[in-house]
Amino acid sequence: MKVRLKIWRQKNSKSKGAFATYDFDGVSPEMSFLEMLDALNTKLVQEGREPVAFDHDCREGICGSCGMYINGYPHSPVPGITTCHLSMRYFNDGDTITVEPWRAKTFPVIKDLMVDRSAFDKIQVAGGFISVNTGAAPDSNSIPCRKKHADEAFDSASCIGCGACVAACKNASAMLFLSAKISQLALLPQGRIEAKERVREMVSVMDELGFGNCSNTGACEAQCPKGIKLTNIARLNREYYKAF
Amino acid sequence: MNKVLYSSISKKFVMALAGLFLLTFLPVHLAINLMLLNDDPEPFNKAAHFMSTFPFIKVVEVVLFVAIMIHVIWGILLQVQNWIARPVAYKAPNRSDTSPFSRFMIWTGGSIFIFLILHFFNFYFIKLGIVEGDPENFYSVAHNLFKIPAYNIIYWVCFILLGFHLHHAFYSAFQTLGLNHRIWTPVVKVMAAVYAIAIPIGFAYIPFVIWILK
Ligand code: SF4
Ligand code: FES
């Protein structure tokens, strides 16, 4: 199949950037979206042109490195998957596919479709951990925990830090990400001990970095490849109120 | 402490509380307005008089003004921060699945605020003596306004926009306060829809009767 790719090309964080259009033939529907970009890059290199820079690592939806804004959807027009899980089968012969980097003040473009998401790390470093000594791996039954809470913590822990929530949000808010990080610890006994400091610090760093304010529109939930729910944000709000 | 007071969540908390208070005010206002449909001006004028003289209501009035101002100022502040958070816009429109009403809160809210200013000129300023008119006969002030077609059109448009605003506001306030529940959140969403339809229809019905039916 043949597709017309409109890809955002930007030299570095300082330059302005613009779309470049590539008519790309010989795409097979079995290819993943990233494999299609690999093939495009091979062609560009062969022609002596600069390949398109994009992030990727595991290519199986677990590392959170990949991510681009495709036809107006962060990650993918198909809900619940990362860009690396998107297949070319989804597109039709002759389609125009627009690809942009994720746009937020807090995610500056490094080059083309690569953005710097280290702002997430800064939030995480501010409190997304447990510093009390919990000893060696305990026997699974030695710390009582409600099954419901364990399940919910597990679901929250499935956030891969990809940043699609920020990319999707009209306010570029990081609340879904932060709420997942807060929830996975707040729901478990070991995490309760430092719950107050944690939420205070992490929210404060998130604000300082310049992420937007949540207005409960839910674009984050719709685009999150890991199904992180808005209930996490309500929990984050509760945890924050409880911390004072 | 400042960091806490002005954190994103605290600002939203205040927004939600002020908004919820305004949500409780609207049905009261509507109930009084419906008395305009009565051919006898007496009940409405009495209610309006009571609302502007009873001491307890005086206190509520101050709270109301504060709530409106906080809701407006915080709302603008939050929105400006949100715009700054994405300095370069996407070229392709964002197609993520969201509630359409939630995306335009600043615009629907802004329109309501402009209407509110108009409303003050038409009524509240009469009471303060800034604008000419009989503060003891708001019934005829209102009836006269509702005979101006252009006013009614503006009125209806503003109430449609108010409906859009309320639809998201109602649910959103609960979510911001941390009240999200497996069973109750869907109920809140249904209540939000009912409220957002019923309140504007109630208000819009009055000029409809006065202008068209009478
Ligand atoms: S909450 Fe979802 S969209 Fe946001 S970073 Fe985590 S996995 Fe990605
Ligand atoms: S490359 Fe790891 S999640 Fe897509």
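Relevant structure appears above.
Keep in mind that what you see is a predicted model, and the values were worked out from it rather than measured. Per-chain numbering applies: the sequence of each chain, read as written, is numbered from 1 onward. To read the labels, note that chains go from A and ligands from 1, taken in the order they are written. Per-residue local features are limited, in this predicted model, to residues with pLDDT of at least 70; the limit for side-chain atom pairs, both in listing and counting, is 80 or more; totals at the level of whole chains, interfaces and linings are taken over all residues. Hydrogen atoms and water are omitted, and side-chain values are computed over all heavy atoms in the structure.

Caption draft 1: Summary view of the nonpolar core. Residues and elements named next belong to chain A. Nonpolar core, defined: a set of buried Ala, Val, Leu, Ile, Met, Phe, Trp, Tyr and Cys residues in which side-chain atoms within 4.5 Å join the residues together. Burial classification: accessible surface area is computed with a 1.4 Å probe over protein chains only, and a residue below 20% of its type maximum counts as buried, one above 50% as exposed, and the rest as partly exposed. Residues Phe-120, Ile-123, Val-166 and Phe-211 are the most contacted members of the largest nonpolar core, which totals 81 residues. Each of two domains, domain 1 (3-111) and domain 2 (117-242), supplies a minimum of three residues to this core. Residue contacts follow a heavy-atom distance rule, with two residues in contact if any of their heavy atoms lie within 4.5 Å. Discounting chain neighbours no more than four positions away, the residues touching Phe-120 are Phe-107, Gly-161, Cys-162, Gly-163, Cys-165, Val-166, Ala-174, Phe-177 and Phe-211. Val-3, Met-36, Cys-66 and Val-99 belong to the second largest nonpolar core, which has 28 residues in total. Residue ranges labeled as domains rest on an automatic or database domain assignment.

Caption draft 2: View of the layout of surface pockets. Here a cavity denotes a set of grid points, spaced 1 Å apart and computed over the protein atoms alone, in which a 1.4 Å probe fits but from which it cannot get out, and a pocket denotes an open set meeting protein on both sides within 12 Å along at least five of seven lines; residues with an atom within 4 Å of a point are reported as lining. Grid points are joined across faces, edges and corners, and a volume is the space filled by probe spheres set on the points. Of the voids in this model, the second largest pocket is the one considered here, and its volume is about 1,000 Å³. Around the second largest pocket sit 38 residues that line it, and Lys-229, Leu-230 and Thr-231 of chain A together with Asn-180 and His-181 of chain B are the ones nearest its centre. Strands here mean DSSP runs of E at least two residues long; helices mean DSSP runs of H or I at least four residues long; both are numbered from the N terminus. When contributions to the lining of the second largest pocket are tallied by element, the ones reaching two or more residues are helix 3 (147-157) and helix 9 (231-242) of chain A together with helix 7 (149-176) and helix 8 (184-213) of chain B. In terms of residue count, helix 9 of chain A provides more of the lining of the second largest pocket than any other element does, seven residues in total. Residue classes in the lining of the second largest pocket are distributed as nine nonpolar, 16 polar and 13 charged. When residues are sorted by character, Ala, Val, Leu, Ile, Met, Phe, Trp, Tyr, Cys and Pro go into the nonpolar class, Asp, Glu, Lys and Arg into the charged class, and all the rest, Gly among them, into the polar class.

Caption draft 3: Representation of the pairing of strand 5 (residues 96-100) of chain A in the model. Residue and element names in this part refer to chain A. Of all five residues making up strand 5, four are buried, and the element is well covered by its neighbours. As paired elements, strand 3 (residues 69-70) and strand 5 share two bridges and run antiparallel to each other. Following the sheet pairing, Tyr-69 is matched in strand 5 by Glu-100. When DSSP locates at least two bridges between a pair of strands, those strands are taken to pair.

Caption draft 4: Here's a closer look at helix 6 (residues 138-145) of chain B. Residue and element names in this part refer to chain B. Of all eight residues that make up helix 6, six are buried, and the element is covered over most of its length. Those residues of helix 6 not exposed but buried are Phe-138, Tyr-139, Val-141, Ala-142, His-143 and Leu-145. Contacts from the buried residues of helix 6 go to helix 3 (41-53), helix 5 (105-128), helix 7 and helix 8.

Caption draft 5: Structural detail: the sheet that holds strand 5 of chain A. Residues and elements named next belong to chain A. Across the sheet, five strands lie side by side as 2-1-5-3-4; this open sheet has mixed pairing. Bordering the open sheet on either side are strand 2 (18-24) and strand 4 (73-74), each of which pairs with just one other strand. Think of each axis as a best-fit line through the C-alpha atoms, taken over the contacting stretch in the case of a helix, with angles from 0 to 180 degrees between the N-to-C directions. Packed onto the sheet, helix 1 (residues 33-46) meets strand 1 (3-9), strand 2, strand 3 and strand 5 and runs at close to 90 degrees relative to strand 2.

Caption draft 6: Structural detail: the site of ligand 1. Residues and elements named next belong to chain A. Here a residue is near a molecule or strand as soon as one of its heavy atoms is found within 4 Å of it. Among the 14 residues in the neighbourhood of ligand 1, the closest are listed as Cys-159, Cys-162, Gly-163, Cys-165 and Cys-224. Where the shell around ligand 1 is concerned, the elements lending two or more residues are helix 4 (164-168) and helix 5 (175-186). Split into classes, the residues belonging to the shell around ligand 1 amount to eleven nonpolar, two polar and one charged.

Caption draft 7: Representation of a nonpolar patch on the surface within the structure. All names here are of chain B. Taken together, the side chains of Ile-76, Val-80, Trp-83, Ile-84, Phe-104 and Trp-107 make up a nonpolar region of the molecular surface, amounting to roughly 630 Å² of accessible area. Broken down by element, the nonpolar patch gets its largest block of residues, four residues, from helix 4 (residues 55-84). Within the secondary structure, Ile-84 is located in helix 4. Of the residues examined, Ile-84 reaches a relative accessible area of 47% and is grouped as partly exposed. Patches in this entry comprise residues that are over 30% relatively accessible and not in a salt bridge; like charges within 9 Å are linked, as are nonpolar side chains (Val, Leu, Ile, Met, Phe, Trp, Tyr) within 5 Å. Accessibility throughout is a Shrake-Rupley quantity obtained with a 1.4 Å probe, and a residue counts as covered only by protein chains that appear here. Within this document, salt bridges are pairs made up of a side-chain nitrogen of Lys or Arg and a carboxyl oxygen of Asp or Glu, the two lying within 4 Å of each other.

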